[in-house]
Every structure is written in structure tokens, then in C-alpha cells.
Amino acid sequence: MASDGEDVHQRRRRAYPLSAHPNDGKPSYGGRDVVGYGGNPPAPRWPRGAKVALNLVLNYEEGGENCLLHGDGESEKLLSEIVGAGAIVGQRHANMESLYDYGSRSGFWRLRDLIVRKDVKCTVFAVGMALERNPAAAKAMAEAGWEVASHGYRWWDYQEVPEDVEREHIRRTVKIHEELLGERPVGMYQGKPNVNTRKLVVEEGGFLYDSDAYSDDLPYWTREHGDRPHLVVPYTLSENDMRFAIPNGFSNAEQFSAYLKDSLDYLVEEGRRGAPKMMSVGLHCRLVGHPGRAKGLEDFLDHAKRYGDEVWICTREEIAKHWYKHHYPEDLQSNL
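What you see is a predicted model; the values in this text were computed from it and never measured.

Q: Got a minute to help me understand the pattern of salt bridges in this structure?
A: Scanning the entire structure with this criterion turns up 23 salt bridges. For the salt bridge of Glu203 with Arg167, the shortest nitrogen-to-oxygen distance reads 2.5 Å. On the criterion of sequence distance, the pair formed by Glu203 in helix 6 (residues 197-204) and Arg167 in helix 5 (residues 163-181) is long-range, its members being 36 residues apart. On the accessibility criterion, Arg167 (29% relative accessible area) is partly exposed. Linked by salt bridges that have partners in common, Asp113, Arg117, Lys118, Glu298 and Asp302 make up one network.

Q: What am I meant to see in the layout of surface pockets here?
A: If you roll a probe as big as a water molecule over the atoms, it shows you where there is empty space left. By volume, the largest pocket is sized at about 970 Å³. Gly31, Arg32, Arg198, Tyr220 and Glu224 are the residues nearest the centre of the largest pocket, which is lined by 32 residues in total. Considering only enclosed or pocket space, the second largest pocket measures out at about 340 Å³ in volume. Lining the second largest pocket are 16 residues, and of these Gly205, Phe207, Arg228, Pro229 and Tyr324 lie nearest its centre.

Q: Looking at this structure, how should I read empty space enclosed by the protein?
A: Applying the stated rule across the entire model yields one cavity of 30 Å³ or more. Approximately 40 Å³ is the volume found for the largest cavity. Lining the largest cavity are Glu65, Asn66, Cys67, Ser75, Glu76, His93, Met96, Glu97 and Tyr100. When the residues that make up the lining of the largest cavity are grouped by side-chain class, the tally is three nonpolar, three polar and three charged.

Q: Please clarify how the packing of aromatic side chains should be interpreted in this entry.
A: When we look at a pair of aromatic rings, we describe it by the centre distance and by the angle of the planes. Applying the stated rule across the entire model yields 18 aromatic pairs. In textbook terms, an aromatic cluster arises when at least three aromatic residues are bridged by ring pairs, as seen for Tyr60, Phe108, Trp109 and Trp146. The positively charged end of Arg243 is found above the aromatic ring belonging to Phe250, 5.8 Å away from the centroid. Just above the ring of Phe244 sits the side chain of Arg293; from NZ or CZ to the centre is 4.7 Å.

About the criteria used
- Within each chain, residue numbers correspond to sequence positions counted from 1 in written order.
- Reporting of local features is limited, given that this is a predicted model, to residues whose pLDDT is at least 70; pairs of side-chain atoms are given and counted only at 80 or more, and all residues count toward the totals for whole chains, interfaces and linings.
- As a convention, hydrogens and water are excluded, and side-chain values are obtained from all of the structure's heavy atoms.
- Whenever a carboxyl oxygen of Asp or Glu lies within 4 Å of a side-chain nitrogen of Lys or Arg, that contact is scored as a salt bridge.
- A helix here means a DSSP run of H or I that spans at least four residues, while a strand means a run of E at least two residues long, and both kinds are numbered starting from the N terminus.
- Exposed residues in this analysis have more than 50% of their type's maximum accessible area, buried residues have under 20%, and partly exposed residues fall in between, with area computed by a 1.4 Å probe over protein chains only.
- Only protein atoms enter the 1 Å grid used here, on which a cavity is any set of points holding a 1.4 Å probe that cannot leave and a pocket is any open set flanked by protein within 12 Å on both sides along at least five of seven lines; residues with an atom within 4 Å of a point are listed as lining.
- Grid points are joined across faces, edges and corners, and a volume is the space filled by probe spheres set on the points.
- The nonpolar class holds Ala, Val, Leu, Ile, Met, Phe, Trp, Tyr, Cys and Pro. Asp, Glu, Lys and Arg form the charged class, and all remaining residues, Gly among them, are polar.
- Pairing of aromatic side chains requires ring centres within 6.5 Å, counting the rings of Phe and Tyr and the six-membered ring of Trp. Pairs whose planes differ by under 30 degrees are stacked, by over 60 edge-to-face, and all others tilted.
- Only when the NZ atom of a Lys or the CZ atom of an Arg is both within 6 Å of the ring centre and within 35 degrees of the ring normal do we say a charge sits over the ring.

Dropping the structure here:
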């Protein structure tokens, strides 16, 4: 029998002294929620009765990656044609720099042309340092009518970045957007965050949502920071061209396109059965911006457009504003 006043954790610790932990049995802890909507997700009520809200995300990172020319202590190592590359400490990596430059010099313009020709909407996750280096690209994004969300000031891993530095980076990137685009970003995707990143995003006060999560097929609210609910619009590393740059990933445009089509088809069928979802597609200028891969993206966009009103091709800002309007927590009043 448990003694008077002994809580569940104390009983477990007494019974299992070698393995008990204060978070045992909790569905929500430390910012994690392993249950979510469960088997009862909300009906999104997407516009025109759409079964899927489809969002294209173009990551604009080239010129903001690790490089000695940017004041860093090592070269970049991630998401390039050199699969498995390691960072070179204290030296420049000429090939890596050139592979990244392809994205901003050529790949971006090919993808902009494709997305504009197909007359679909797009969200850009723009790294502040990269955007500032290429005002022509920033202008082209604005002229296309795209949403440009923040991808942080640097394409860094922020795991060990001090809080005051990350806070300054967030503020600095907002300023870059205002100067180059004439408006601040309303969305934030740090990409490689730490457990304090969301707190800093909420603290900044001007973001409608962040996308530093992969945990659901629908947006959701969190109240872990501040006195107002904060919206999370989850992103994806699955329906993402980064799989061209990892072992056992996509090898050609057909594989990329087929995977995206299968994902969309399945979600449309779920929506027809009464459970609409959202789908993100992650793109990178230096990856799918190559012609042989862009062909796969074009095939997928043609496929998606054939669904008509069943697939709402939209920006993340539109998804966020829709969720504020139709799914704001019932005990509070949205200010949108």
C-alpha cells in the first residue's frame, strides 16, 4: 500500500528504483505532446471544401551557410551533391561553396519560372544573410506574390547558439525582410532549432506561426510560452527534395514525383472519407533546382492541379490565418 501523500512518481520510484523517471506516463512533457489530436482530428474546413491544403516551401539558404568567408570556423557539410561530406575546420571548401552558389545563381531562377508558369502559390523559407546578399532574388519573390517567411539569420545548427545571439538573429532577420520586401515575416522556421527557439519566437511578438515541428498533418496550438496560444504549422522532412542528398533517398525525378503523387493521392482519399489534412513539399534551390529534378516537380504540380478545388494550393500564411479564423481556442478570441 502507498503511504498517505505519496504521489504516483514516488510509488513508481519505490517500485522501480533503477528506471523510474518523473515524466513516466505523461502524454505531454517538456514541450512534447505524444498524443495530439489522436483519432479525432478537427475538420479543417479548408476553402471550397478542399480535401488537402498543399503548400510548396522553397528554402532559400545559399549565401547563409557555414563558410569562413561568413566568419565561421568551418565549411558547410549538409545538403549538397557531396553526400556525406564533413565540415573542414579552419579551411574553405571550394566545391561546397560552388554547389551552394548554383542554388542562388541558377536553381532559384529555374524554380521561380516553373512555379510562376504553373500559377501556384509558394512560401519561401528565407535565411536572412542569404536574402540580404541577393536583393534581385528578394524582389523576384515579392513580385511573384510569394509569402517569404523567416528561416533564421543563418543556416546554422542553433543547438548550442547562446540565447542572446539567437534572439538578435531573429530580430535582425525581421529587419532584413522589412528593408528588402517592405514587410516583416509572419512565419518562422529556424530549421535546426533548440528547445528555446519557440520561446524566442513567441517573445518577439510579431509571428503568427512557426514551423519548427514535424509532428502532425494539421496545425495545432501550444501554450507553453506566454499567455496567448501560439500556432504551429508543421513542416516535413519526408516530402522533401533533401532526400536527393541522403543515402537511399531519391535518385531521379520520377522517384521524387511518384512519392509526392502517392502522398497527395492518399491524403485526398483520406479527405474524401471525412478527414482532410495539409501537405508540405520542401524544396531547395541547389537540389531540385537542377533541370533533371525540376522535371519531377513540374509533373507533380500538373498532377496536383488536376484535382481542382479538392487541393487548395496555398501559402503557410493562408493556412495560419484560416486556422486563426476557424480553430482558435474556444476560450479565447482571435485578434485576426
